[in-house]
Amino acid sequence: MDYPKCSLQLYISHARSLGLAKKKMEHTQRKPTLEEKGEERAKVEVWNYVLGFSKIAVVKCAIELGIADAIESHGSPMTLLELSKTLKCDPSSLYRIMRFLVHQKIFKEVQPKIPSDPKSYAQSPLSRCLLKFGENSMAAMILLESSPVMLAPWHCLSARILGNGTSTPAFEAVHGEDIWSFAAANPGHSELINEAMACDACLALPALIDSSLEVFNGIETIVDVGGGNGTTLGFLVKACAWITRGINFDLPHVVSVAEESDRVENVGGDMFDCIPKADAAIIKSVLHDWGDEECIRILKKCKEAIPEDKGKVIILEAVIEEDEIKDELTDVRLMLDMVMMAHTSTGKERTLKEWGYVIGEAGFSRHTVTPINAVQSVIQAFP
Ligand SMILES: Nc1ncnc2c1ncn2[C@@H]1O[C@H](CSCC[C@H]([NH3+])C(=O)O)[C@@H](O)[C@H]1O
(Lines give C-alpha, C1' and ligand atoms only; values in the text may rest on other atoms or scores of the structure.)
Protein backbone atom coordinates (compact mmCIF):
# COMPACT_ATOMS: atom_id res chain seq x y z
CA MET A 1 0.00 0.00 0.00
CA ASP A 2 1.39 3.47 -0.87
CA TYR A 3 1.41 6.30 1.71
CA PRO A 4 2.13 9.96 0.97
CA LYS A 5 5.56 10.93 2.36
CA CYS A 6 4.15 13.30 4.94
CA SER A 7 1.61 10.94 6.39
CA LEU A 8 3.76 8.80 8.68
CA GLN A 9 1.26 9.38 11.45
CA LEU A 10 -1.50 8.06 9.23
CA TYR A 11 0.61 5.02 8.38
CA ILE A 12 1.27 4.26 12.05
CA SER A 13 -2.35 4.48 13.04
CA HIS A 14 -3.33 2.37 10.07
CA ALA A 15 -0.66 -0.21 10.86
CA ARG A 16 -1.71 -0.22 14.48
CA SER A 17 -5.23 -0.91 13.45
CA LEU A 18 -3.88 -3.83 11.47
CA GLY A 19 -1.96 -5.00 14.57
CA LEU A 20 1.36 -4.60 12.72
CA ALA A 21 2.91 -1.56 14.33
CA LYS A 22 4.36 -3.28 17.39
CA LYS A 23 5.89 -6.06 15.38
CA LYS A 24 7.24 -3.61 12.81
CA MET A 25 8.82 -1.38 15.47
CA GLU A 26 10.37 -4.37 17.21
CA HIS A 27 11.78 -5.44 13.87
CA THR A 28 13.32 -2.06 13.02
CA GLN A 29 14.64 -1.39 16.53
CA ARG A 30 16.09 -4.80 17.37
CA LYS A 31 19.86 -4.92 17.11
CA PRO A 32 21.18 -7.80 14.98
CA THR A 33 22.47 -10.67 17.10
CA LEU A 34 26.14 -11.63 16.97
CA GLU A 35 25.17 -14.59 14.85
CA GLU A 36 23.30 -12.37 12.36
CA LYS A 37 26.25 -9.96 12.20
CA GLY A 38 28.56 -12.90 11.55
CA GLU A 39 26.32 -14.12 8.74
CA GLU A 40 26.32 -10.67 7.13
CA ARG A 41 30.10 -10.44 7.37
CA ALA A 42 30.44 -13.92 5.89
CA LYS A 43 28.42 -12.86 2.82
CA VAL A 44 30.71 -9.88 2.21
CA GLU A 45 33.77 -12.08 2.65
CA VAL A 46 32.45 -14.68 0.24
CA TRP A 47 31.85 -11.93 -2.33
CA ASN A 48 35.56 -11.26 -2.04
CA TYR A 49 36.27 -14.89 -2.94
CA VAL A 50 33.69 -14.88 -5.73
CA LEU A 51 35.42 -11.96 -7.44
CA GLY A 52 38.86 -12.13 -5.86
CA PHE A 53 40.51 -13.20 -9.13
CA SER A 54 39.78 -9.72 -10.50
CA LYS A 55 42.55 -8.29 -8.28
CA ILE A 56 45.35 -10.36 -9.83
CA ALA A 57 43.80 -9.98 -13.30
CA VAL A 58 43.70 -6.18 -13.11
CA VAL A 59 47.17 -5.95 -11.59
CA LYS A 60 48.47 -8.13 -14.43
CA CYS A 61 46.68 -5.83 -16.89
CA ALA A 62 48.31 -2.78 -15.23
CA ILE A 63 51.76 -4.37 -15.61
CA GLU A 64 51.15 -5.29 -19.24
CA LEU A 65 49.92 -1.77 -20.03
CA GLY A 66 52.95 -0.33 -18.22
CA ILE A 67 50.91 2.12 -16.11
CA ALA A 68 53.46 2.40 -13.27
CA ASP A 69 56.34 2.63 -15.78
CA ALA A 70 54.61 5.48 -17.62
CA ILE A 71 54.05 7.53 -14.43
CA GLU A 72 57.61 6.78 -13.29
CA SER A 73 59.19 7.99 -16.53
CA HIS A 74 56.87 11.02 -16.62
CA GLY A 75 58.42 11.97 -13.27
CA SER A 76 55.23 13.44 -11.78
CA PRO A 77 51.52 12.52 -11.46
CA MET A 78 49.65 12.10 -14.77
CA THR A 79 46.10 13.00 -15.74
CA LEU A 80 43.87 10.39 -17.36
CA LEU A 81 44.31 12.07 -20.73
CA GLU A 82 48.10 12.13 -20.46
CA LEU A 83 48.16 8.52 -19.35
CA SER A 84 45.81 7.29 -22.06
CA LYS A 85 47.81 9.13 -24.75
CA THR A 86 51.11 7.72 -23.51
CA LEU A 87 49.76 4.18 -23.25
CA LYS A 88 47.66 4.47 -26.42
CA CYS A 89 44.58 3.36 -24.43
CA ASP A 90 40.87 4.03 -24.58
CA PRO A 91 40.43 6.72 -21.84
CA SER A 92 37.06 5.48 -20.60
CA SER A 93 38.30 1.88 -20.07
CA LEU A 94 41.52 3.17 -18.55
CA TYR A 95 39.49 5.39 -16.22
CA ARG A 96 37.66 2.30 -14.85
CA ILE A 97 40.94 0.40 -14.41
CA MET A 98 42.44 3.40 -12.56
CA ARG A 99 39.32 3.81 -10.37
CA PHE A 100 39.71 0.15 -9.33
CA LEU A 101 43.46 0.46 -8.71
CA VAL A 102 43.02 3.69 -6.71
CA HIS A 103 40.35 1.96 -4.62
CA GLN A 104 42.84 -0.87 -3.98
CA LYS A 105 45.34 1.84 -2.90
CA ILE A 106 47.74 0.79 -5.65
CA PHE A 107 47.85 4.28 -7.21
CA LYS A 108 47.08 7.55 -5.47
CA GLU A 109 44.68 10.16 -6.76
CA VAL A 110 46.01 13.72 -6.62
CA GLN A 111 43.49 16.57 -6.53
CA PRO A 112 44.28 19.53 -8.83
CA LYS A 113 45.31 22.92 -7.44
CA ILE A 114 42.63 24.57 -9.59
CA PRO A 115 39.33 22.77 -8.90
CA SER A 116 38.26 22.81 -12.56
CA ASP A 117 41.46 21.00 -13.68
CA PRO A 118 41.42 17.23 -13.95
CA LYS A 119 42.79 15.12 -11.09
CA SER A 120 45.91 13.05 -11.69
CA TYR A 121 47.36 9.68 -10.71
CA ALA A 122 50.52 9.24 -8.67
CA GLN A 123 52.72 6.30 -7.66
CA SER A 124 52.55 4.64 -4.25
CA PRO A 125 54.99 2.14 -2.72
CA LEU A 126 52.62 -0.55 -4.02
CA SER A 127 52.53 0.68 -7.62
CA ARG A 128 56.35 0.87 -7.64
CA CYS A 129 56.32 -2.90 -7.06
CA LEU A 130 54.50 -3.14 -10.42
CA LEU A 131 57.30 -1.44 -12.36
CA LYS A 132 58.61 -3.83 -15.00
CA PHE A 133 62.20 -3.33 -13.82
CA GLY A 134 63.95 -1.94 -10.76
CA GLU A 135 64.95 -3.14 -7.33
CA ASN A 136 61.43 -3.14 -5.86
CA SER A 137 59.75 -4.75 -8.85
CA MET A 138 57.60 -7.80 -8.14
CA ALA A 139 56.07 -7.73 -11.63
CA ALA A 140 57.77 -10.92 -12.82
CA MET A 141 56.19 -12.92 -9.99
CA ILE A 142 52.74 -11.61 -10.87
CA LEU A 143 53.27 -12.35 -14.56
CA LEU A 144 54.38 -15.92 -13.77
CA GLU A 145 51.59 -16.75 -11.33
CA SER A 146 48.91 -15.19 -13.56
CA SER A 147 50.14 -16.94 -16.73
CA PRO A 148 47.69 -19.41 -18.31
CA VAL A 149 50.26 -22.22 -17.78
CA MET A 150 50.34 -21.64 -14.01
CA LEU A 151 46.63 -20.88 -13.61
CA ALA A 152 45.38 -24.03 -15.36
CA PRO A 153 46.60 -26.56 -12.71
CA TRP A 154 44.54 -24.81 -10.00
CA HIS A 155 41.47 -26.35 -11.64
CA CYS A 156 42.84 -29.80 -10.78
CA LEU A 157 43.55 -29.19 -7.09
CA SER A 158 40.64 -31.21 -5.71
CA ALA A 159 41.36 -34.07 -8.15
CA ARG A 160 44.94 -34.12 -6.86
CA ILE A 161 43.79 -34.42 -3.24
CA LEU A 162 41.26 -37.16 -3.95
CA GLY A 163 42.74 -40.60 -4.51
CA ASN A 164 44.95 -40.83 -1.42
CA GLY A 165 48.19 -39.76 -3.04
CA THR A 166 47.71 -41.92 -6.13
CA SER A 167 46.26 -39.19 -8.38
CA THR A 168 48.31 -37.34 -11.00
CA PRO A 169 49.79 -34.05 -9.72
CA ALA A 170 47.80 -31.00 -10.87
CA PHE A 171 50.52 -29.55 -13.15
CA GLU A 172 51.13 -32.90 -14.84
CA ALA A 173 47.40 -33.55 -15.20
CA VAL A 174 47.10 -30.37 -17.29
CA HIS A 175 50.45 -30.17 -19.07
CA GLY A 176 51.39 -33.85 -19.35
CA GLU A 177 54.80 -33.42 -17.64
CA ASP A 178 56.24 -31.83 -14.52
CA ILE A 179 57.07 -28.14 -14.37
CA TRP A 180 60.83 -28.59 -14.96
CA SER A 181 60.42 -30.77 -18.08
CA PHE A 182 57.75 -28.34 -19.28
CA ALA A 183 60.15 -25.42 -18.74
CA ALA A 184 62.95 -27.24 -20.61
CA ALA A 185 60.64 -27.66 -23.61
CA ASN A 186 59.13 -24.14 -23.43
CA PRO A 187 61.88 -21.48 -23.28
CA GLY A 188 59.33 -18.66 -22.95
CA HIS A 189 57.87 -20.20 -19.81
CA SER A 190 61.34 -21.03 -18.49
CA GLU A 191 62.23 -17.34 -18.81
CA LEU A 192 59.08 -16.39 -16.85
CA ILE A 193 60.13 -18.79 -14.06
CA ASN A 194 63.74 -17.56 -14.00
CA GLU A 195 62.69 -13.92 -13.89
CA ALA A 196 60.10 -14.52 -11.17
CA MET A 197 62.63 -16.40 -9.06
CA ALA A 198 65.23 -13.68 -9.62
CA CYS A 199 62.63 -11.21 -8.39
CA ASP A 200 62.19 -13.28 -5.22
CA ALA A 201 65.98 -13.37 -4.79
CA CYS A 202 65.98 -9.56 -4.99
CA LEU A 203 63.66 -9.53 -1.97
CA ALA A 204 65.31 -12.25 0.12
CA LEU A 205 69.04 -11.67 -0.47
CA PRO A 206 69.21 -8.07 0.80
CA ALA A 207 67.34 -9.24 3.93
CA LEU A 208 69.82 -12.08 4.42
CA ILE A 209 72.85 -9.87 3.78
CA ASP A 210 71.56 -7.08 6.06
CA SER A 211 70.94 -9.26 9.08
CA SER A 212 73.08 -12.38 8.73
CA LEU A 213 76.17 -11.66 6.65
CA GLU A 214 78.27 -13.61 9.18
CA VAL A 215 76.72 -16.80 7.77
CA PHE A 216 79.21 -16.42 4.88
CA ASN A 217 82.33 -15.79 6.98
CA GLY A 218 85.27 -17.91 5.90
CA ILE A 219 83.59 -19.15 2.70
CA GLU A 220 85.80 -18.74 -0.38
CA THR A 221 83.89 -20.92 -2.81
CA ILE A 222 80.16 -21.48 -2.82
CA VAL A 223 77.80 -23.46 -5.05
CA ASP A 224 74.20 -22.30 -5.50
CA VAL A 225 72.14 -25.45 -6.07
CA GLY A 226 69.21 -24.75 -8.43
CA GLY A 227 70.53 -21.20 -8.67
CA GLY A 228 68.30 -20.11 -11.58
CA ASN A 229 69.74 -17.17 -13.51
CA GLY A 230 72.46 -16.48 -10.91
CA THR A 231 70.83 -13.54 -9.09
CA THR A 232 71.49 -14.99 -5.62
CA LEU A 233 75.22 -15.42 -6.29
CA GLY A 234 75.35 -11.97 -7.86
CA PHE A 235 74.22 -10.50 -4.51
CA LEU A 236 76.59 -12.70 -2.51
CA VAL A 237 79.82 -12.01 -4.39
CA LYS A 238 79.05 -8.30 -4.28
CA ALA A 239 78.44 -8.34 -0.52
CA CYS A 240 81.28 -10.75 0.37
CA ALA A 241 84.59 -9.66 -1.19
CA TRP A 242 86.21 -12.80 0.30
CA ILE A 243 84.16 -15.14 -1.94
CA THR A 244 86.51 -15.82 -4.83
CA ARG A 245 84.33 -18.21 -6.80
CA GLY A 246 80.60 -18.79 -7.04
CA ILE A 247 79.17 -21.71 -9.02
CA ASN A 248 75.66 -21.22 -10.30
CA PHE A 249 74.44 -24.80 -10.70
CA ASP A 250 71.12 -25.57 -12.40
CA LEU A 251 69.58 -27.66 -15.18
CA PRO A 252 71.34 -27.22 -18.55
CA HIS A 253 68.44 -25.32 -20.17
CA VAL A 254 68.53 -22.78 -17.30
CA VAL A 255 72.27 -22.11 -17.15
CA SER A 256 72.54 -21.97 -20.95
CA VAL A 257 70.67 -18.64 -20.84
CA ALA A 258 72.10 -17.32 -17.54
CA GLU A 259 74.61 -14.49 -17.82
CA GLU A 260 78.21 -15.17 -16.77
CA SER A 261 79.67 -12.59 -14.46
CA ASP A 262 82.86 -11.78 -12.61
CA ARG A 263 83.58 -14.52 -9.99
CA VAL A 264 80.39 -16.43 -10.94
CA GLU A 265 80.42 -19.31 -13.39
CA ASN A 266 77.46 -21.33 -14.65
CA VAL A 267 77.50 -25.11 -14.48
CA GLY A 268 74.72 -27.29 -15.89
CA GLY A 269 73.76 -30.62 -14.35
CA ASP A 270 71.28 -32.57 -12.24
CA MET A 271 71.35 -32.10 -8.45
CA PHE A 272 70.08 -35.67 -8.01
CA ASP A 273 73.31 -36.94 -9.68
CA CYS A 274 76.20 -34.76 -8.55
CA ILE A 275 76.72 -31.22 -7.28
CA PRO A 276 80.00 -29.29 -7.92
CA LYS A 277 82.29 -29.14 -4.88
CA ALA A 278 82.70 -25.92 -2.85
CA ASP A 279 83.35 -24.71 0.73
CA ALA A 280 79.60 -24.28 1.19
CA ALA A 281 76.37 -24.85 -0.70
CA ILE A 282 73.43 -22.49 -0.76
CA ILE A 283 70.03 -23.74 -1.84
CA LYS A 284 67.14 -21.29 -2.07
CA SER A 285 63.52 -22.05 -2.96
CA VAL A 286 64.44 -25.46 -4.33
CA LEU A 287 63.76 -27.97 -1.52
CA HIS A 288 60.14 -26.74 -1.18
CA ASP A 289 59.59 -27.97 -4.75
CA TRP A 290 60.15 -31.55 -3.57
CA GLY A 291 58.74 -34.16 -1.17
CA ASP A 292 60.70 -35.49 1.80
CA GLU A 293 62.27 -38.42 -0.04
CA GLU A 294 63.67 -36.20 -2.85
CA CYS A 295 64.73 -33.50 -0.34
CA ILE A 296 66.77 -36.05 1.58
CA ARG A 297 68.44 -37.18 -1.68
CA ILE A 298 69.24 -33.57 -2.69
CA LEU A 299 70.58 -32.73 0.79
CA LYS A 300 72.79 -35.86 0.75
CA LYS A 301 74.23 -34.66 -2.59
CA CYS A 302 74.81 -31.21 -1.07
CA LYS A 303 76.62 -32.86 1.87
CA GLU A 304 78.89 -34.76 -0.55
CA ALA A 305 79.78 -31.46 -2.26
CA ILE A 306 81.13 -29.71 0.89
CA PRO A 307 84.06 -30.45 3.25
CA GLU A 308 83.12 -32.81 6.12
CA ASP A 309 84.91 -30.67 8.75
CA LYS A 310 84.09 -27.03 8.00
CA GLY A 311 81.46 -27.13 5.28
CA LYS A 312 77.82 -26.16 5.60
CA VAL A 313 74.62 -26.05 3.58
CA ILE A 314 72.73 -22.76 3.73
CA ILE A 315 69.04 -23.35 3.08
CA LEU A 316 66.76 -20.39 2.37
CA GLU A 317 63.18 -21.54 2.74
CA ALA A 318 59.93 -20.62 4.47
CA VAL A 319 59.22 -22.12 7.88
CA ILE A 320 55.53 -22.64 8.62
CA GLU A 321 54.75 -21.47 12.16
CA GLU A 322 52.86 -23.97 14.29
CA ASP A 323 52.29 -21.87 17.39
CA GLU A 324 49.86 -19.01 17.88
CA ILE A 325 52.49 -16.32 17.33
CA LYS A 326 52.24 -15.72 13.63
CA ASP A 327 53.93 -12.90 11.73
CA GLU A 328 52.47 -10.87 8.87
CA LEU A 329 53.99 -13.22 6.28
CA THR A 330 52.20 -16.32 7.62
CA ASP A 331 49.44 -15.87 5.02
CA VAL A 332 52.03 -15.71 2.26
CA ARG A 333 53.77 -18.86 3.49
CA LEU A 334 50.50 -20.79 3.65
CA MET A 335 49.53 -19.55 0.17
CA LEU A 336 52.96 -20.61 -1.08
CA ASP A 337 52.23 -24.08 0.27
CA MET A 338 49.08 -24.16 -1.88
CA VAL A 339 51.17 -23.00 -4.87
CA MET A 340 53.52 -25.94 -4.28
CA MET A 341 50.50 -28.24 -4.31
CA ALA A 342 49.26 -26.82 -7.62
CA HIS A 343 52.57 -26.48 -9.43
CA THR A 344 54.91 -29.20 -8.23
CA SER A 345 54.45 -32.94 -7.97
CA THR A 346 55.54 -33.45 -4.35
CA GLY A 347 56.61 -30.02 -3.06
CA LYS A 348 55.46 -28.44 0.20
CA GLU A 349 56.32 -25.76 2.74
CA ARG A 350 57.65 -27.20 6.00
CA THR A 351 57.40 -26.62 9.73
CA LEU A 352 60.50 -26.54 11.97
CA LYS A 353 59.90 -30.18 12.85
CA GLU A 354 59.59 -31.17 9.19
CA TRP A 355 62.84 -29.34 8.33
CA GLY A 356 64.54 -31.09 11.25
CA TYR A 357 63.38 -34.43 9.87
CA VAL A 358 64.72 -34.05 6.30
CA ILE A 359 68.00 -32.46 7.46
CA GLY A 360 68.56 -35.20 10.04
CA GLU A 361 67.69 -38.00 7.60
CA ALA A 362 70.19 -36.58 5.10
CA GLY A 363 72.92 -37.17 7.71
CA PHE A 364 73.62 -33.67 9.05
CA SER A 365 74.67 -33.62 12.70
CA ARG A 366 73.04 -30.29 13.61
CA HIS A 367 71.28 -27.28 12.16
CA THR A 368 70.27 -23.74 13.15
CA VAL A 369 67.28 -21.70 12.01
CA THR A 370 67.36 -17.88 11.89
CA PRO A 371 64.39 -15.78 10.76
CA ILE A 372 65.22 -12.89 8.43
CA ASN A 373 63.04 -10.06 7.16
CA ALA A 374 61.66 -12.16 4.28
CA VAL A 375 59.26 -15.01 3.51
CA GLN A 376 62.23 -17.36 3.96
CA SER A 377 64.35 -18.10 7.03
CA VAL A 378 68.01 -19.08 6.88
CA ILE A 379 68.65 -22.66 7.92
CA GLN A 380 72.29 -23.73 8.30
CA ALA A 381 72.94 -27.48 8.19
CA PHE A 382 76.32 -28.80 9.37
CA PRO A 383 77.80 -32.21 8.43
N1 LIG B 1 67.31 -31.76 -11.07
C2 LIG B 1 67.66 -30.48 -10.94
N3 LIG B 1 68.97 -30.13 -10.87
C4 LIG B 1 69.33 -28.83 -10.74
N5 LIG B 1 68.44 -27.81 -10.67
C6 LIG B 1 67.12 -28.13 -10.73
C7 LIG B 1 66.68 -29.46 -10.88
N8 LIG B 1 65.33 -29.47 -10.91
C9 LIG B 1 64.92 -28.18 -10.81
N10 LIG B 1 66.01 -27.38 -10.71
C11 LIG B 1 66.01 -25.91 -10.58
O12 LIG B 1 65.52 -25.51 -9.32
C13 LIG B 1 65.18 -24.13 -9.41
C14 LIG B 1 63.99 -23.88 -8.55
S15 LIG B 1 63.46 -22.21 -8.60
C16 LIG B 1 64.67 -21.47 -7.51
C17 LIG B 1 65.69 -20.64 -8.23
C18 LIG B 1 66.66 -19.87 -7.34
N19 LIG B 1 67.32 -20.71 -6.36
C20 LIG B 1 66.00 -18.74 -6.62
O21 LIG B 1 65.50 -18.92 -5.52
O22 LIG B 1 65.95 -17.64 -7.13
C23 LIG B 1 64.91 -23.85 -10.89
O24 LIG B 1 65.84 -22.95 -11.39
C25 LIG B 1 65.07 -25.23 -11.55
O26 LIG B 1 65.55 -25.19 -12.85
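- Heading Sequence similarities (unreviewed entry) of the UniProt record for the protein chain holds this comment: "Belongs to the class I-like SAM-binding methyltransferase superfamily. Cation-independent O-methyltransferase family."

### Looking at the overall build of the protein chain
Now for step 1: Along the backbone of the protein chain there are 19 helices and 12 strands.
Now for step 2: Scaling as 2.2 N^0.38, a compact globule of 383 residues should have a C-alpha radius of gyration of about 21 Å, whereas the protein chain reaches 27 Å, well beyond that.
Now for step 3: Burial analysis of the protein chain (383 residues in total) assigns 43% to the buried set.
Now for step 4: Long-range pairs, those at least 24 residues apart, make up 62% of the contacts in the protein chain with a sequence separation of at least 6.
Now for step 5: Surface summary for the protein chain: the accessible area is close to 21,600 Å², and the carbon and sulfur share equals 58%.
Now for step 6: For the protein chain, the centre of its 40 positive side-chain charges and the centre of its 53 negative side-chain charges are spaced 10 Å apart.

### Some points on the pattern of salt bridges
Now for step 1: Per the stated rule, a full pass over the model turns up 14 salt bridges.
Now for step 2: Put simply, E64 and K60 hold a salt bridge, and the shortest N to O gap is 4.0 Å. Note that E64 and K60 are positioned in helix α4 (residues 53-65) at a spacing of four residues, about one turn of the helix.
Now for step 3: Classification of K60 by relative accessible area gives buried; the value is 19%.
Now for step 4: Linked through salt bridges whose partners overlap, the residues forming this network are D292, K348, R350 and E354.

### Remarks on the UniProt feature "active site" (unreviewed entry) in the protein chain
Now for step 1: UniProt marks H288 with the feature "active site" (unreviewed entry), using the numbering shown here.
Now for step 2: Sequence-distant contacts of H288, defined by excluding residues within four places in its chain, comprise E317, M340, G347, K348, E349 and R350.

### Things to note about the pairing of strand β7 (residues 280-284)
Now for step 1: By the criterion of burial, β7 is predominantly enclosed, with five of the five residues buried.
Now for step 2: Of the two faces of β7, both are covered, the one formed by A280, I282 and K284 as well as the one formed by A281 and I283.
Now for step 3: As paired strands, strand β4 (residues 221-225) and β7 are joined by three bridges and run parallel to one another. Bridge pairing in β7 places I222 opposite A280.
Now for step 4: Regarding the hand of the β-α-β motif, the stretch spanning β7, helix α17 (residues 292-305) and strand β8 (residues 312-317) is right-handed.

### Things to note about unusual backbone geometry
Now for step 1: The residue K88 is not glycine, and still its phi comes out positive at about 55°.
Now for step 2: Since its relative accessible area comes to 75%, K88 is described here as exposed.
Now for step 3: In this model, S285 sits at a positive phi of 55°, which is unusual for a non-glycine residue.
Now for step 4: Locating S285 in the fold gives a position in the loop between β7 and α17.

### Overview of the sheet that holds β4
The pairing of strands in a sheet comes from backbone hydrogen bonds and takes either a parallel or an antiparallel form.
Now for step 1: If you trace the seven strands from one edge of the open sheet to the other, you get β6-β5-β4-β7-β8-β12-β11, paired in mixed fashion. Each having just a single partner strand, β6 (264-268) and β11 (366-371) make up the two edges of the open sheet. Strand after strand, the sheet turns through a mean of 20° between neighbouring axes, direction not considered.
Now for step 2: Relative to strand β5 (residues 245-250), β4 is paired through five bridges, and the arrangement is parallel.

### What to know about the site of the ligand
Now for step 1: Around the ligand, 17 residues are found, and the nearest of them are G226, D250, D270, M271 and K284.
Now for step 2: Between the ligand and D270, the relevant distance is 2.9 Å, taken from a nitrogen atom to a side-chain nitrogen or oxygen of the residue.
Now for step 3: Burial of the ligand by the surrounding chains reaches 96%, relative to a free accessible area of 570 Å².
Now for step 4: For the shell around the ligand, a count of residues per class yields eight nonpolar, five polar and four charged.

Criteria and thresholds
Numbers given to residues run from 1 along each chain, matching the order in which its sequence is written. Restriction of local features to residues with pLDDT of at least 70 applies here, the model being predicted, together with a cutoff of 80 or more for giving and counting side-chain atom pairs; totals for whole chains, interfaces and linings are based on all residues. No hydrogens and no water enter the side-chain calculation; it runs on all heavy atoms of the structure. UniProt positions are given in the numbering used here, feature names are shortened, and annotations may be inferred rather than shown by experiment. Numbering of helices and strands runs from the N terminus; a helix is a DSSP stretch of H or I covering at least four residues, while a strand is a stretch of E covering at least two. As defined in this context, the radius of gyration uses C-alpha atoms, and a globule is described by 2.2 Å times the residue total to the power 0.38. Note on exposure labels: buried denotes an accessible area under 20% of the residue type's maximum, exposed denotes more than 50%, and partly exposed covers the range between, all computed with a 1.4 Å probe on protein chains only. Contacts are assigned to residue pairs with any non-hydrogen atoms lying within 4.5 Å of each other. What sets the accessible areas is the Shrake-Rupley method with a 1.4 Å probe; for residues, cover comes only from the shown protein chains. Charge assignment: positive for Lys and Arg, negative for Asp and Glu; neither His nor the chain ends contribute. A charged residue contributes its charge at one atom only: NZ of Lys, CZ of Arg, CG of Asp or CD of Glu. For this analysis, a salt bridge means a side-chain nitrogen from Lys or Arg found within 4 Å of a carboxyl oxygen belonging to Asp or Glu. Note on pairing: two strands pair once DSSP finds at least 2 bridges between them. For a crossover, the right-handed case is the one in which the path from the first strand over the helix to the second runs clockwise, viewed with the strands pointing away from the viewer. What counts as an axis is a line fitted to C-alpha atoms, over the stretch in contact for a helix, and the angles between N-to-C directions run from 0 to 180 degrees. A single heavy atom is enough: if one lies within 4 Å of a molecule or strand, its residue is considered near that molecule or strand. Polar contacts, as used here, are pairs of N or O atoms within 3.5 Å; protein pairs need one atom able to donate a hydrogen and one able to accept it. Residues neighboring in sequence count only if both atoms are side-chain atoms. Here the term charged refers only to Asp, Glu, Lys and Arg, the term nonpolar to Ala, Val, Leu, Ile, Met, Phe, Trp, Tyr, Cys and Pro, and the term polar to all other amino acids, Gly among them.

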